[in-house]
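# Residue-level structure breakdown
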Amino acid sequence: MRRLTVDPAAPDPAAIAEAALALRDGLLVAFPTETVYGLGAHGLDARAVERIYEAKGRPAYNPVILHVADVRAARMLAAHWPEAAERLATRYWPGPLTLVLRRADIVPAIATAGLDAVGIRVPAHPVALALLAAAQIPVAAPSANRSTELSPTSAEHVARALGDRVDVLLDGGETTLGIESTVLDLTGERPVLLRPGLLTREELELVVGPIDLPAQQAEGDAPRRAPGQLERHYAPRAELAVVPSAELLESVGRATGPLVGVLPRTVHVGPRDGLVVIRMPASPRLYAHRLYAALHELDEQGCRRVLVEAVPAEATWEGVRDRLARASHR
Ligand code: TXA
Ligand code: MG
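The structure displayed is predicted, hence computed values, not measured ones.

### Structural notes on the packing of aromatic side chains
Going through the model one piece at a time under the given rule, you end up with two aromatic pairs. Note on Tyr-287 and Trp-317: the rings are 5.3 Å apart at their centroids and 75° apart in plane angle, and the pair reads as edge-to-face. Pair noted here: Tyr-287 is in helix H9 (residues 284-301) and Trp-317 is in the loop between strand E14 (305-309) and helix H10 (318-328), with a separation of 30 residues, a long-range link. Here Tyr-287 and Trp-317 have matching classes, each one buried. Across the ring face of Trp-317, the terminal group of Arg-265 is positioned such that the distance to the ring centre comes to 5.5 Å.

### As for the side chain of Arg-58
Relative to the elements of secondary structure, Arg-58 occurs in the loop between helix H2 (46-56) and strand E4 (65-67). For the buried Arg-58, which has no salt bridge, the nearest side chain bearing the opposite charge is Glu-180, at an N-O separation of 9.3 Å. At 3.1 Å, the side chain of Arg-58 and the backbone oxygen of Asn-62 are in polar contact. A polar contact is formed between the side chain of Arg-58 and the backbone oxygen of Pro-63, at a distance of 2.8 Å. Not counting the four nearest positions on each side in its chain, Arg-58 is found in contact with Tyr-53, Pro-63, Val-64, Pro-142 and Ser-147.

### Brief notes about the sheet that holds E14
Read across the open sheet, the four strands follow the order E11-E14-E12-E13; overall the sheet is parallel. Since the sheet does not close on itself, it has two edges, and those belong to strand E11 (239-243) and strand E13 (275-277), each with one partner. Ignoring strand direction, the axes of neighbouring strands in this sheet form an average angle of 20°. For E11 and E14, the ladder comprises five bridges, and the chain directions are parallel. Of the residues in E14, the one forming a bridge with Val-243 is Glu-309. Here H10 sits on the sheet and contacts E11 and E14; the angle it forms with E11, its principal contact strand, is near 135°.

### Some words on H2
When H2 is considered as a whole, its buried residues turn out to be Ala-48, Val-49, Ile-52, Tyr-53, Ala-55 and Lys-56. Summarising the contacts, the buried residues of H2 are in contact with strand E3 (37-42), strand E7 (139-140) and helix H6 (155-162). Looking at where H2 begins, the residue whose side-chain oxygen comes 3.0 Å from the main-chain nitrogen of Arg-47 is Asp-45. Just downstream of H2, Gly-57 is the residue with a positive phi angle, here 65°.

### Structural notes on the environment of Ile-278
By the secondary structure assignment, Ile-278 is in the loop between E13 and H9. Here the alpha-carbon distance between Ile-278 and Val-308, two residues 30 residues apart in the chain, equals 9.8 Å.

### Here's the deal with the sheet that holds strand E5 (residues 97-102)
In a beta sheet, neighbouring strands pair by backbone hydrogen bonds and run either parallel or antiparallel. In spatial order, the strands read E1-E8-E2-E3-E7-E4-E6-E5-E9-E10; together these 10 strands make up an open sheet with mixed pairing. The sheet is open, and its two edges are formed by strand E1 (2-5) and strand E10 (192-195), each paired on a single side. Running over the sheet, H2 touches E3 and E7 and is turned about 145° from E3. This element, helix H4 (residues 83-92), spans E5 and strand E9 (182-185) of the sheet and lies at about 160° to E5.

### Thoughts on the environment of Gly-274
Structurally, Gly-274 can be placed in the loop between strand E12 (260-263) and E13. Among the residues examined, Gly-274 registers a relative accessible area of 24% and is labelled partly exposed. Along the sequence, Gly-274 and Thr-256 sit 18 residues apart, while their C-alpha atoms lie 8.6 Å from each other. If near-sequence neighbours (up to four positions away) are discounted, Gly-274 is found in contact with Pro-258, Leu-259 and Val-260.

### Focus: the pattern of salt bridges
Within this structure, the stated rule accounts for 20 salt bridges. In this structure, Glu-54 and Arg-47 form a salt bridge, with 3.2 Å as the shortest nitrogen-oxygen distance. Relative accessible area serves as the criterion here: at 46%, Glu-54 is assigned to the partly exposed category. In this structure, the salt-bridge partner of Asp-322 is Arg-323, at a minimum N-O distance of 2.7 Å. Three or more residues joined by partner-sharing salt bridges are found here, namely Glu-180, Asp-322, Arg-323 and Arg-326.

### Some thoughts on the packing of H9 against H10
H10 packs onto H9 with a crossing angle of 30° between their chain directions and a minimal axis gap of 9 Å. The angle between H9 and H10 falls in the class roughly parallel. The crossing of H9 and H10 is left-handed. Two secondary-structure elements touch here, H9 through Pro-284, Tyr-287, Ala-288, Leu-291 and Tyr-292 and H10 through Val-320, Arg-323 and Leu-324. Across the contact of H9 with H10, the residue classes tally to seven nonpolar, no polar and one charged.

### As for the confidence of the model for the protein chain
The share of residues in the protein chain with pLDDT of 70 or more is 95%, and the mean pLDDT across the chain is 94. Within the model, pLDDT remains below 50 along residues 218-224, and this stretch shows seven contacts once partners closer than five positions in the same chain are excluded.

The rules behind the values
- Residues numbered from 1 in each chain as written.
- Chains lettered and ligands numbered in written order.
- Predicted model: local features only at pLDDT ≥ 70, side-chain atom pairs only at ≥ 80, totals over all residues.
- Heavy atoms only, no water.
- Phe/Tyr/Trp six-rings, centres within 6.5 Å; stacked < 30°, edge-to-face > 60°.
- Helix = DSSP H or I, 4+ residues; strand = E, 2+ residues; numbered from the N terminus.
- Buried < 20%, exposed > 50% of the residue type's maximum accessible area, 1.4 Å probe, protein only.
- Lys NZ or Arg CZ within 6 Å of the ring centre and 35° of its normal.
- Lys, Arg positive; Asp, Glu negative; His and termini not counted.
- Salt bridge = Lys/Arg side-chain N within 4 Å of Asp/Glu carboxyl O.
- Polar contact = N/O pair within 3.5 Å; in protein donor to acceptor, adjacent residues only side chain to side chain.
- Contact = heavy atoms within 4.5 Å.
- Pairing = 2+ DSSP bridges.
- Axes fitted to C-alpha atoms, helices over the stretch in contact; angles between N-to-C directions.
- Parallel < 35°, antiparallel > 145°, perpendicular 65-115°, else oblique.
- Left-handed = near helix turned anticlockwise from the far one by under 90°.
- Nonpolar A, V, L, I, M, F, W, Y, C, P; charged D, E, K, R; others polar.
- pLDDT = per-residue confidence, 0-100.

Written out as structure tokens, the structure reads:
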């Protein structure tokens, strides 16, 4: 793997050009976005996209997001560009929002897992935008982790998870937001929230009106409405439990095992042998920014069990709540 370290605010054009060329050649390039690191490949080259699935061990029914530099490039990937897409794109792109639209014929079937719809996003990170502008192609990029494992928020995480499965790693330091984009399906009569994120359902509703939640989906390997939403997902190696604030100290007291991780938010948990305590921030933005890094750290330290203090039931926390629920699902 070739690792190129770049200034996240003003990436070196030579490094960007090299990574862009690698993408055009069908190679795998991991790069930072404002949410998490992506594992990128030429989005219109079926063989290149197939290499993403191989590198991640990703099931074939889970489609990938196509990243582009601007709305004009996004439109070319969609068979139909509804009014709602125009309004959302104008308001929230570049940014942590993925729109699912009817796919144009140029999009290879493997990128959409055979679905008639394609996920599209314009990321807000300067490195991602520079790379997309230089490559001049749509870049297919799921999060740069092995399938079902934790998403990477630093180049270190990518290197550890994927190593030489990646051809080029653009190291732009830590990502700013820290959890994946909000995914909104615009192919039906009403928009459907496929994956919550830091951009909340309420914020999107201000622009497009009422948004539905997905109906229960079928099990098995058949293509699904929200195919990536495997219940167990974004999970650390440790077994994770979300505990109400009032019960946290008691759960910590009862916890056994060689090494237990604790992520308190409001409760004070004192140091003790066998405990690794990482104090989490009080705001949803900072919490999201810290979450995967904290879980990666507990995994690294060898924690077999992690107790997480529950987060508020408010809308601004919906993205974080979703990731904690998935990480704790067995
Ligand atoms: O923030 C992000 O979205 C990051 C960065 C790298 O952009 N990417 C990311 O990709 O999280 P991934 O593959 O880990 O998650 C993409 C999600 C999955 O839940 C997938 O099922 C959904 O988007 N998705 C993509 N294309 C879709 C489609 N055509 N129909 C329905 N869901 C789709
Ligand atoms: Mg992912």
